[in-house]
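# Structural description and commentary
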Amino acid sequence: MTEEKTGMEVAVVSGLSGAGRSTAAKCLEDLGWFVVDNLPPELISTMVELGARSSDAVTRVAVVMDVRSRAFTEDLGSVIKDLDARGYKPRVLFLEATDEVLVRRFEQVRRGHPLQGEGRLADGIAAERSLLSRLRAEADLVLDTTGLSVHQLRTKIEDAFGTEASTRTRVTVLSFGYKYGLPMDADLVMDCRFLPNPFWIPELRDYDGRQDQVRNYVLGQEGAEEFLGNYQQLLRLVGTGYQREGKRYLTLAMGCTGGKHRSVVLTEELARRLSEEEGLTVKTVHRDLGRE
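Predicted model, so just to flag it, every value in this text is computed and none were measured.

Below, the discussion takes up the nonpolar core. One broad trend across soluble globular proteins is that nonpolar side chains are buried collectively. Core analysis: the largest hydrophobic core is formed by 45 residues, its most contacted members being L28, W33, I44, V48, L95, I157 and F161. Here V48 is in contact with M8, V10, V61, L83 and Y88, once residues within four sequence places are set aside. One finds V171, V218, L250 and L280 within the second-largest nonpolar core, a separate group that totals 22 residues.

Structure representation (structure tokens):
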């Protein structure tokens, strides 16, 4: 009996053309897997071994396979057995859908089936379904995507292949100065210029929002606490919707005139509060700090 090797996870993603392999591959990449699409079966074991010797640089490898590879079922079946014998214990994900749905998906993108040849779409689907029947029977997880939206499919893959850390929403809270322009990658932008500007307080001008003197001044202003509380409540509502839609990265921009005082204070404080929320990984970026 082989001993399972620790430190390396291996997944093989296959299934019917049009059933969602590309979506699965993108989702696995977002979950931190090293994904290779349509690698020749005879090279899979070599790639896994290289990943295992990468000093933990690669710990999760997923190979997406389809019938474009010649001798597909025989070669892939032997590779899976070889990996199992070496102790890697690959998990096989098989994606499928009904013939009617697959035909509709191919017609929507105006593409032919890889096994269609001179025949009809239905002929290609039938040939592929027959070719992959043995692999489907041996798969660890079979997902029927017939009635699934892209977001629902992502959720199922995240549940099966994600870790708690990889499925957390990554939030970047970014401060900026309006005089340097809006951040192009922001999902939500809030204007902090409704608060008094510490720049006009001589004893605060040379400090920035990371220091207690400025922090205490800004957070002590009327409306600051109310703004933070209401905005955090709004973000809970928005964040829940983003998670339902499969959005895992969120950039919140907080702007003031120069990006030195007010926006930095509120960015730091909002990030501190969000870091206490479940399911979030939060970091801060001060885009324009030091530019003045």
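If you walk across this open sheet you meet the four strands as β7-β8-β6-β9, and the pairing is parallel. The two strands at the open ends of the sheet, each matched to only one other strand, are β7 (188–191) and β9 (280–286). Each neighbouring strand pair of the sheet contributes to a mean axis angle of 20 degrees, computed without reference to strand direction. Bridge count for strand β6 (residues 169–177) against β9 is seven bridges, and the pairing is parallel. Its bridge partner lying in β9, R170 is registered against T281. Packed onto the sheet, helix α10 (residues 262–274) meets β6, β8 (249–256) and β9 and runs at close to 165 degrees relative to β6.

So, about the domain arrangement of the protein chain. When the domains of the protein chain are assigned, the result is domain 1 (9–161) and domain 2 (169–286). Of note, the centres of domain 1 and domain 2, computed from C-alpha atoms alone, are 42 Å apart. On the side of domain 2, five residues touch domain 1, which itself brings four residues to the contact. Counting the surface lost from both domain 1 and domain 2, the interface buries some 400 Å², and carbon and sulfur atoms represent 30% of this. Summed over the shared surface of domain 1 and domain 2, the result is zero salt bridges. Between the two partners, domain 1 and domain 2, sit zero residue pairs in polar contact (both at pLDDT 80 or more). Looking at the side of domain 1 that touches domain 2, the element that brings in the most residues is helix α7 (residues 150–161), giving three residues. Looking at the side of domain 1 that touches domain 2 residue by residue, the classes come out as no nonpolar, one polar and three charged.

What counts and how
- Residues numbered from 1 in each chain as written.
- Predicted model: local features only at pLDDT ≥ 70, side-chain atom pairs only at ≥ 80, totals over all residues.
- Heavy atoms only, no water.
- Core = buried A, V, L, I, M, F, W, Y, C linked by side-chain atoms within 4.5 Å.
- Buried < 20%, exposed > 50% of the residue type's maximum accessible area, 1.4 Å probe, protein only.
- Contact = heavy atoms within 4.5 Å.
- Pairing = 2+ DSSP bridges.
- Helix = DSSP H or I, 4+ residues; strand = E, 2+ residues; numbered from the N terminus.
- Axes fitted to C-alpha atoms, helices over the stretch in contact; angles between N-to-C directions.
- Domains from an automatic or database assignment.
- Buried area = accessible area lost by both parts, 1.4 Å probe.
- Salt bridge = Lys/Arg side-chain N within 4 Å of Asp/Glu carboxyl O.
- Polar contact = N/O pair within 3.5 Å; in protein donor to acceptor, adjacent residues only side chain to side chain.
- Nonpolar A, V, L, I, M, F, W, Y, C, P; charged D, E, K, R; others polar.

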